[in-house]
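Fold and contact review
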Number of protein chains: 4
Amino acid sequence: MKRSSETTAKATAAGSDKYQRILDAAIEVIAEKGFFHSRVSEIADRAGVADGTIYLYFKNKDELLMAAIDSAFHGFIGRARTELSKVADPREKLRKMAFLHLQALGSNRNMAIVFQTELRHSAKFLAQFSHSLLVEYFDLIKGVLREGQEAGVFRAELPVKIAVNCFFGAVDEMVTSWILSDRDRDYPLSNLADVIVDILLKGMETSAKHGS
Amino acid sequence: MKRSSETTAKATAAGSDKYQRILDAAIEVIAEKGFFHSRVSEIADRAGVADGTIYLYFKNKDELLMAAIDSAFHGFIGRARTELSKVADPREKLRKMAFLHLQALGSNRNMAIVFQTELRHSAKFLAQFSHSLLVEYFDLIKGVLREGQEAGVFRAELPVKIAVNCFFGAVDEMVTSWILSDRDRDYPLSNLADVIVDILLKGMETSAKHGS
Amino acid sequence: MKRSSETTAKATAAGSDKYQRILDAAIEVIAEKGFFHSRVSEIADRAGVADGTIYLYFKNKDELLMAAIDSAFHGFIGRARTELSKVADPREKLRKMAFLHLQALGSNRNMAIVFQTELRHSAKFLAQFSHSLLVEYFDLIKGVLREGQEAGVFRAELPVKIAVNCFFGAVDEMVTSWILSDRDRDYPLSNLADVIVDILLKGMETSAKHGS
Amino acid sequence: MKRSSETTAKATAAGSDKYQRILDAAIEVIAEKGFFHSRVSEIADRAGVADGTIYLYFKNKDELLMAAIDSAFHGFIGRARTELSKVADPREKLRKMAFLHLQALGSNRNMAIVFQTELRHSAKFLAQFSHSLLVEYFDLIKGVLREGQEAGVFRAELPVKIAVNCFFGAVDEMVTSWILSDRDRDYPLSNLADVIVDILLKGMETSAKHGS
DNA sequence: GATGAATGAGGCTTCATTCAT
DNA sequence: CATGAATGAAGCCTCATTCAT
């Protein structure tokens, strides 16, 4: 692994959990200080390794952040896919997805902070992430919406691409609101899933207005 | 905000629009490079002033960013309030707000980049902004929703706070998507206002499902 | 000069001799420690400026060394040209050149060390210097030799290019020997000029051997 | 020279020519990158051993360079002594020595680069080498010159020490010129031996000038 | 002997900020 | 008010060396 440029280092190698420890420490420090104010030396400290060791596993500070996010995100997408496949009704799938999203970040405040802030710290960075990972999320939802349209439970004229943005934006914004509230919320973030999905499914208008 | 006797008579005075020039230059550079990669010297260059001059108007780099965002945001909120007051129907107000939001950022890509990325730099920064400015936006929308509920056009059981987040999140996400698309979109971002608001008002489900 | 990449900074600018002070300090430190063991911070210390100031005048450590050598060498070549033009006899010109070369370095041990060691510290570096500066030296001598051949005082069949190398190599080696002798030589290095030139002019063989 | 088992009985022992392999790799890498830019890990790579193994054979990086140069130089001096003893005429001995010198380095560009550049890294390093090894070379030539004076073929008044420097300097400079020429010379470097020695023996002046 | 993952000291360089002019 | 040369703290990263296996 030495001098190798891969970031994909096998964490399972020779009794070493350093890779994962560094990743965790990175998330922790970045959540606390923000990426640019995070010091490599502090991440190393918390991971219990020497500064230089970081560079045996990651090319540089930037790649370390990317790796931390990638790792967390892939785990989430994988779990999401599995869970969604267990549900039949497209509406329930949306509900499930919102729940998983809120639960994933709601149960790990540090990770949530990183996702809601550092991930967007520069247009270039955001674009990079967006292209490589977020599309997976969006495609997943797009699939659900199309499925729902075919099943006749979602309006046929719904512009799928934009609807996906609404869904993601709404859920995402809840997370942002949540991390900004200093007091520990007394209710789990994931409880909001139903509320949000209800709004998105039924709309804000009174039913009376429909069919007009 | 310092020295802002804006609307000031002395704006015409002996060549001193430096404050605004610095603000504009800051937005420009920050949009291009990201806040942390922006150099005070470059902002000074583009504003056509000396490095040191910046510090006559702003306490430090951080406050410069804050001021730039504040200035732009206040302008927006002011215009929004005025425009909304001209509309009676709460639904039309939402439509208008979405339009103004999308138009404001859609017509100034640099500003959009700063809002979608730099604003969310770090949890601390975001919180600071959120408390001081974003609440004005949220309160505005909250007012519209309550008004709509009273008028009977919005569902009475709608949880206003969460609905506001959905609205903001959806619109916000459209802007993010837009700045991430490299190709210059051939349609104005603001055109999407109607589509988004329709989704939020009527929901994604087929009308048939309502009334159950 | 700020942020400019020129290394040719005008030393005479606004009451500042910093450029020259840095150059001198660089030669001093490099002579003592060798280029790679020289620390920018120590050069700054001795020049009486802040570390960062070095970078207002030089792009980086490498360019600082280059500039120091360039500066010293150009001074030498200029003086050499002037002096040589005052002498008519090509043989005396060679003698003069050897004298100037030995005197220049013999009177500045630090500079001598830099020229004999650091200048050659990597093939790439040496090549760079060789192409841009040493050719001036070589061309000067070549001119003298050709002049001497035309005047009939140097052998016509003498391969000029190689002879120039012999001349330079011989003088150069004397300097190297000199800096390697720890004890301060009790005679000036420049005294050797005559001896070296005599050997090169008359050869090592006994005269009797000539004409064979 | 690689894998030369000469004089070592234990070279045949269980696959352990590592010492020489490391030495060869060191010369190779140092010639390419220069000593300070050479990485111990790269030398280990090319030698096909682990980084740590280097330290079983050499105390540190510096000693590795020293050993590499020593090894090569001793081989050269040994061969030179043998060859010179086969020649009777002191003039022919000089010619032979120049030839051997030029041939040794001319046939191994990497070695030449190391000798012409890295050897002169720092005054301290050069002095160290000079004292321990170069004196052997110089003494060899000194012997030849004295022999020639006794035989009456070299001028009796020739200052031997300085003449030796001229000889070495001239030959040495030819090598330097050669490694700096990027184009592969179309003639062997060793061909120049005669030319150089002719200049040193007969001098640059026209014969007519002698005997005056 | 051999390995190579881990170490951690320390250098070069950047750049926000100051202050004498 | 304005300047911009100078400052100097501080971080990322490299890489020679060690040592447990």
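Throughout, residues of each chain are indexed from 1 in the direction in which the sequence is written. Chains and ligands are labelled sequentially in the order written, the chains with letters from A and the ligands with numbers from 1. In keeping with the predicted nature of the model, local features appear solely for residues at pLDDT of at least 70, side-chain atom pairs appear and are counted solely at 80 or more, and the whole-chain, interface and lining totals rest on all residues. Processing note: side-chain calculations cover all non-hydrogen atoms of the structure and skip hydrogens and water entirely.

**Details of the overall build of chain A**
Definition in use: Strands here mean DSSP runs of E at least two residues long; helices mean DSSP runs of H or I at least four residues long; both are numbered from the N terminus. Only protein chains enter the accessibility calculation, which uses a 1.4 Å probe; a residue is then buried when its area is under 20% of its type maximum, exposed when over 50%, and partly exposed in between. Contacts between residues were defined by any pair of non-hydrogen atoms, one from each residue, lying within 4.5 Å.
Summing up its helical and strand segments, chain A has 9 helices and 0 strands in all. Mapped from its N terminus to its C terminus, chain A presents α and β elements in the order α-α-α-α-α-α-α-α-α. Looking at chain A as a whole, 54% of its 212 residues qualify as buried. Across chain A, contacts joining residues at least 24 apart in sequence account for 68% of those joining residues at least 6 apart.

**Thoughts on the packing of aromatic side chains**
So the rule is basically this: In this analysis, rings of Phe, Tyr and Trp, with Trp reduced to its six-membered ring, are considered paired at centre separations within 6.5 Å, and the interplanar angle assigns stacked below 30 degrees, edge-to-face beyond 60, and tilted for intermediate values. Each ring is checked for a lysine NZ or an arginine CZ that lies within 6 Å of its centre and within 35 degrees of its normal; such an atom marks a charge sitting over the ring.
Tallied over the full model, the rule gives 38 aromatic pairs over all chains. Measuring from ring centre to ring centre gives 6.1 Å for Phe-76 of chain C and Tyr-137 of chain C, while their planes differ by 25°; the resulting arrangement is stacked. Residue Phe-76 of chain C is found in helix α4 (residues 61-85), and its partner Tyr-137 of chain C is found in helix α7 (residues 123-150); the two are separated by 61 residues along the sequence. One cation-aromatic arrangement involves Lys-61 of chain D over Phe-35 of chain D; the distance from NZ or CZ to the ring centre is 4.7 Å.

**A short note on the domain arrangement of chain A**
Residues and elements named next belong to chain A. Keep this limit in mind: The source of the domain bounds is an automatic or database domain assignment. Reported buried area values correspond to the accessible surface (1.4 Å probe) lost by two parts on association, with both partners' losses combined. Salt bridges are counted wherever a side-chain nitrogen of Lys or Arg sits within 4 Å of a carboxyl oxygen of Asp or Glu. Under the rule applied, a polar contact is a pair of N or O atoms within 3.5 Å (in protein, one hydrogen donor and one hydrogen acceptor; residues adjacent in sequence only if both atoms are side-chain atoms). Residue type decides the class: Asp, Glu, Lys and Arg count as charged, Ala, Val, Leu, Ile, Met, Phe, Trp, Tyr, Cys and Pro as nonpolar, and the leftover types, Gly among them, as polar.
One can read the domain layout of chain A as domain 1 (1-58) and domain 2 (67-204). The partner domain 2 presents 9 residues to the 11 residues of domain 1 that form the contact. Of all residues in domain 1, Leu-23, Ile-27 and Ala-31 give up the largest surface area on contact with domain 2, accounting jointly for 55% of the area buried on that side. Counting every contact that joins domain 1 to domain 2 gives 0 salt bridges. Our count for the contact surface shared by domain 1 and domain 2 stands at 0 residue pairs in polar contact (both at pLDDT 80 or more). The residue makeup of the side of domain 1 that touches domain 2, split by class, is 8 nonpolar, 2 polar and 1 charged.

**Notes on the protein's contact with DNA strand E**
Where we set the bar: Any residue with a heavy atom positioned within 4 Å of a molecule or strand is treated as near that molecule or strand.
Inspection of the region around DNA strand E gives 33 residues, with Thr-53 and Tyr-57 of chain A, Arg-39 of chain B, Tyr-55 of chain C together with Thr-53 of chain D positioned closest. Restricting attention to atoms of DNA strand E within 4 Å of the protein, one finds that 72% of them are sugar or phosphate atoms. Contacts to DNA strand E include Thr-53 of chain D, whose side-chain N or O atom sits 2.5 Å from a phosphate oxygen. Looking at the surface near DNA strand E, the elements with two or more residues in it are α3 (51-57) of chain A, α3 (51-57) of chain B, α3 (51-57) of chain C together with α3 (51-57) of chain D. Looking at side-chain class alone, the surface near DNA strand E contains 13 nonpolar, 12 polar and 8 charged residues.

**Quick look at a nonpolar patch on the surface**
Counted only if it meets this: Residues enter patches when they are more than 30% accessible in relative terms and free of salt bridges; like-charged ones are connected within 9 Å and nonpolar ones (Val, Leu, Ile, Met, Phe, Trp, Tyr) within 5 Å. Exposure was quantified through the Shrake-Rupley algorithm and a 1.4 Å probe, taking into account, for residues, occlusion by the shown protein chains and nothing else.
Judged by side-chain polarity, Tyr-19, Leu-56 and Tyr-57 of chain D come together as a nonpolar surface patch covering roughly 320 Å² of accessible area. With respect to the helices and strands, the residue Tyr-19 of chain D is situated in helix α1 (residues 18-33).

**Some points on the relation of the copies chain D and chain C**
The cut-off we apply is this: A least-squares superposition brings the copies together, and it is based on the C-alpha atoms of residues with pLDDT no lower than 70 in both.
With an RMSD of 0.2 Å, chain D superimposes on chain C once it is rotated by 180° and translated 0.0 Å along the axis. Each copy turns onto its partner about a two-fold axis. Taking the C-alpha atom as reference, chain D places Gly-203 of chain D closest to the rotation axis, 1.7 Å from it. When the interface residues of chain D are mapped onto chain C, 100% of them are again interface residues, pointing to one common binding face.

**So, the nonpolar core**
The tendency in soluble globular proteins is for nonpolar side chains to be buried side by side. Let me state the cut-off plainly: Among buried residues, those of type Ala, Val, Leu, Ile, Met, Phe, Trp, Tyr and Cys that are joined through side-chain atoms within 4.5 Å constitute a nonpolar core.
By size, the foremost hydrophobic cluster in this structure holds 160 residues, and its most contacted members are Tyr-137 of chain A together with Tyr-137 of chain B. Setting aside residues up to four positions removed in sequence, Tyr-137 of chain A forms contacts with Phe-73, Phe-76, Ile-77, Met-97, His-101, Phe-167 and Phe-168 of chain A.

**Notes on the protein's contact with DNA strand F**
Surrounding DNA strand F, one finds 35 residues, the nearest of these being Tyr-55 of chain A, Thr-53 of chain B, Thr-53 and Tyr-57 of chain C together with Arg-39 of chain D. Backbone atoms, meaning sugar and phosphate, make up 70% of the atoms of DNA strand F lying within 4 Å of the protein. One of the side-chain nitrogen or oxygen atoms of Lys-18 of chain B is found 3.1 Å away from a phosphate oxygen of DNA strand F. Secondary structure elements with two or more residues in the surface near DNA strand F: α3 of chain A, α3 of chain B, α3 of chain C together with α3 of chain D. In terms of residue count, the dominant contributor to the surface near DNA strand F is α3 of chain B (5 residues). Considering only residue class, the surface near DNA strand F consists of 13 nonpolar, 12 polar and 10 charged.

**Notes on the interface of chain D and chain C**
Taken together, the contact pairs 53 residues of chain D with 53 residues of chain C. Approximately 4900 Å² of surface area, both sides summed, lies buried where chain D meets chain C, with 65% of it carried by carbon and sulfur atoms. Three residues, Arg-155, Met-204 and Glu-205 of chain D, lead the burial of chain D against chain C; their summed loss comes to 16% of the area buried on that side. Taken together, the connections running from chain D to chain C amount to 4 salt bridges. Notably, a salt bridge pairs Glu-205 of chain D with Arg-91 of chain C, separated by 3.4 Å at the nearest N-O pair. Only α5 (90-106), α6 (109-116), α7 (123-150), α8 (160-180) and α9 (192-202) of chain D provide two or more residues apiece to the side of chain D that touches chain C. For the side of chain D that touches chain C, the element with the most residues is α8 of chain D, which contributes 13 residues. Among the residues forming the side of chain D that touches chain C, the class breakdown is 27 nonpolar, 16 polar and 10 charged.

**Overview of the pattern of salt bridges**
The final tally for this structure, using the stated rule, is 72 salt bridges over all chains. In this structure, the salt-bridge partner of Glu-147 of chain C is Lys-93 of chain C, at a minimum N-O distance of 3.0 Å. Residue Glu-147 of chain C is located in helix α7, and its partner Lys-93 of chain C is located in helix α5 (residues 90-106); the two are separated by 54 residues in the primary sequence. On the basis of relative accessible area, Glu-147 of chain C is assigned to the partly exposed category, the value being 31%. A salt bridge links Glu-83 of chain D to Lys-86 of chain D, with the nearest nitrogen and oxygen atoms 3.4 Å apart.

**Quick look at the packing of helix α4 (residues 61-85) of chain B against helix α7 (residues 123-150) of chain B**
The geometry of a pair of packed helices is captured by two quantities: the angle between their axes and the separation between those axes. Residues and elements named next belong to chain B. Convention followed: To obtain an axis, a line is fitted to C-alpha atoms, over the contacting stretch when the element is a helix, and the angle between two such axes runs from 0 to 180 degrees between their N-to-C directions. For this classification, under 35 degrees means roughly parallel, over 145 means roughly antiparallel, 65 to 115 means roughly perpendicular, and everything else is oblique.
Direction vectors running N to C along α4 and α7 enclose 5°, while the axes themselves pass 11 Å from each other. With respect to α7, the element α4 is oriented roughly parallel. Packed against α4, whose contacting residues are Leu-65, Met-66, Ile-69, Asp-70, Phe-73, His-74, Phe-76, Ile-77, Ala-80, Arg-81 and Leu-84, the element α7 presents Phe-125, Gln-128, Phe-129, Leu-133, Leu-134, Glu-136, Tyr-137, Leu-140 and Val-144 at the interface. Here the contact of α4 with α7 is built from residues that sort into 15 nonpolar, 2 polar and 3 charged.

**As for α4 of chain B**
Note the threshold: To estimate the expected span of a helix, subtract one from its residue number and multiply by 1.5 Å.
An ideal rise of 1.5 Å per residue puts 36 Å on 25 residues; α4 of chain B measures up with 37 Å between its terminal C-alpha atoms. The opening residue of α4 of chain B, the one whose side-chain oxygen lies 3.2 Å from the backbone nitrogen of Asp-62 of chain B, is Asn-60 of chain B.

**Overview of the environment of Asn-108 of chain A**
Residues and elements named next belong to chain A. Its place among the elements puts Asn-108 in the loop between α5 (90-106) and α6 (109-116). Look at Asn-108 and you get partly exposed, because its relative accessible area is 30%. Taking C-alpha positions, Asn-108 is 17 Å from Met-97, a pair spaced 11 residues apart along the chain.

**Digging into the environment of Lys-142 of chain A**
All names here are of chain A. One can find Lys-142 in helix α7 (residues 123-150). Its relative accessible area of 15% is what places Lys-142 among the buried residues. Separated by 13 residues in the primary sequence, Lys-142 and Phe-129 place their C-alpha atoms 19 Å from one another. Residues within four places of Lys-142 in sequence aside, it is in contact with Val-160, Lys-161 and Val-164.

**Quick word on the environment of Ala-31 of chain A**
Residues and elements named next belong to chain A. Structurally, the position occupied by Ala-31 is in helix α1 (residues 18-33). Through-space distance from the C-alpha of Ala-31 to that of Gln-116 is 9.8 Å; in sequence the pair is 85 residues apart. Setting aside chain neighbours within four positions, we find Ala-31 in contact with Asn-110, Ile-113 and Val-114.

**Some details on α7 of chain D**
This is how the line gets drawn: One axis fitted to the seven residues ending at a residue, another fitted to the seven starting there: the angle between these axes is the bend at that residue.
Taking the largest bend as the criterion, α7 of chain D deviates by roughly 50°, centred on Leu-134 of chain D. Of the residues one or two after α7 of chain D, Gly-152 of chain D is the one with positive phi, at around 80°.

**Notes on the confidence of the model for chain A**
Going by this rule: pLDDT: the predictor's confidence for each residue, scored from 0 to 100.
Considering every residue of chain A, the mean pLDDT works out to 85; 87% of them sit at 70 or more. Considering only residues more than four positions removed or in separate chains, one finds that residues 1-15 of chain A, a stretch of pLDDT under 50, has 22 contacts.

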